[in-house]
Amino acid sequence: MCAKKFVPYANESDVLEIGSLTIENRIDRISISGDIDLTLDKPGLALAKQLQKLLGDVVAQLEKQELPDQLPPPEVTSVANPFE
């Protein structure tokens with residue numbers, strides 16, 4: 001895990017890697033992509049603990065707030081193609 005503290009939902013820039021998982025911080029969501037093998041050995045345990053801590057932090061942050069039933073869909077905007 002990186003030395004910098006990953007605070008869920010705090011900004012639009014933090015990225016954390018655990019194994020081959022990429023965890024992206026957003027102000028309205030945490031995006032997790034990739035895969036991870038939690039092997040039956042010490043490295044597998046270390047990865048599992050990092051993942052457990054991350055998810056515990058996410059749950060704690062969610063529980064602190066009054067949450068909507070569901071987020072509204074994101075606004076989609078079009079921009080001019082700069083190559084035309």
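Look up a bit, the structure's there.
Residues numbered from 1 in each chain as written. Predicted model: local features only at pLDDT ≥ 70, side-chain atom pairs only at ≥ 80, totals over all residues. Heavy atoms only, no water.

Trainee: What is the right way to look at the side chain of N25 in this model?
Mentor: Considering the arrangement of structural elements, one finds N25 in strand 2 (residues 20-25). Here V7 takes part through its backbone oxygen, which lies 2.8 Å from a polar atom of the side chain of N25. Of note is the side chain of N25, whose polar atom sits 2.8 Å from the backbone nitrogen of Y9. (Helix = DSSP H or I, 4+ residues; strand = E, 2+ residues; numbered from the N terminus. Polar contact = N/O pair within 3.5 Å; in protein donor to acceptor, adjacent residues only side chain to side chain.)

Trainee: Just to check I follow, could you spell out the layout of surface pockets for this structure?
Mentor: Any empty space left between the atoms is revealed when a probe the size of a water molecule rolls over them. What the largest pocket holds in volume is close to 210 Å³. Looking at the largest pocket, the residues that line it are Y9, I27, D28, Q61, L62, Q65, E66, L67, P68, Q70 and L71. Classifying every residue of the lining of the largest pocket gives six nonpolar, three polar and two charged. (1 Å grid on protein atoms, 1.4 Å probe; cavity = no way out; pocket = protein on both sides within 12 Å on 5 of 7 lines; lining within 4 Å. Points joined across faces, edges and corners; volume = space filled by probe spheres on them. Nonpolar A, V, L, I, M, F, W, Y, C, P; charged D, E, K, R; others polar.)

Trainee: Just checking my understanding: could you explain the pattern of salt bridges for this structure?
Mentor: Oppositely charged side chains can pair when the atoms bearing their charge come close. Tallied over the full model, the rule gives four salt bridges. A salt bridge links K5 to D57; its shortest N-O distance comes to 3.9 Å. On the criterion of sequence distance, the pair formed by K5 in the segment before strand 1 (15-18) and D57 in helix 1 (residues 42-63) is long-range, its members being 52 residues apart. A salt bridge links R29 to D28, with the shortest nitrogen-to-oxygen separation between them at 3.1 Å. Several salt bridges share partner residues, and in doing so they unite K5, K53 and D57 into one network. (Salt bridge = Lys/Arg side-chain N within 4 Å of Asp/Glu carboxyl O.)

Trainee: Which parts of the structure should I look at to understand the environment of R29?
Mentor: Relative to the helices and strands, R29 resides in the loop between strand 2 and strand 3 (30-35). The exposure class assigned to R29 is partly exposed, which follows from its relative accessible area of 33%. Note: C-alpha distance between R29 and E75 (46 residues apart in sequence) is 15 Å. Separated by 3.1 Å, the side chains of R29 and D28 make a polar contact. (Buried < 20%, exposed > 50% of the residue type's maximum accessible area, 1.4 Å probe, protein only.)

None of this, on its own, says anything about what the molecule does.
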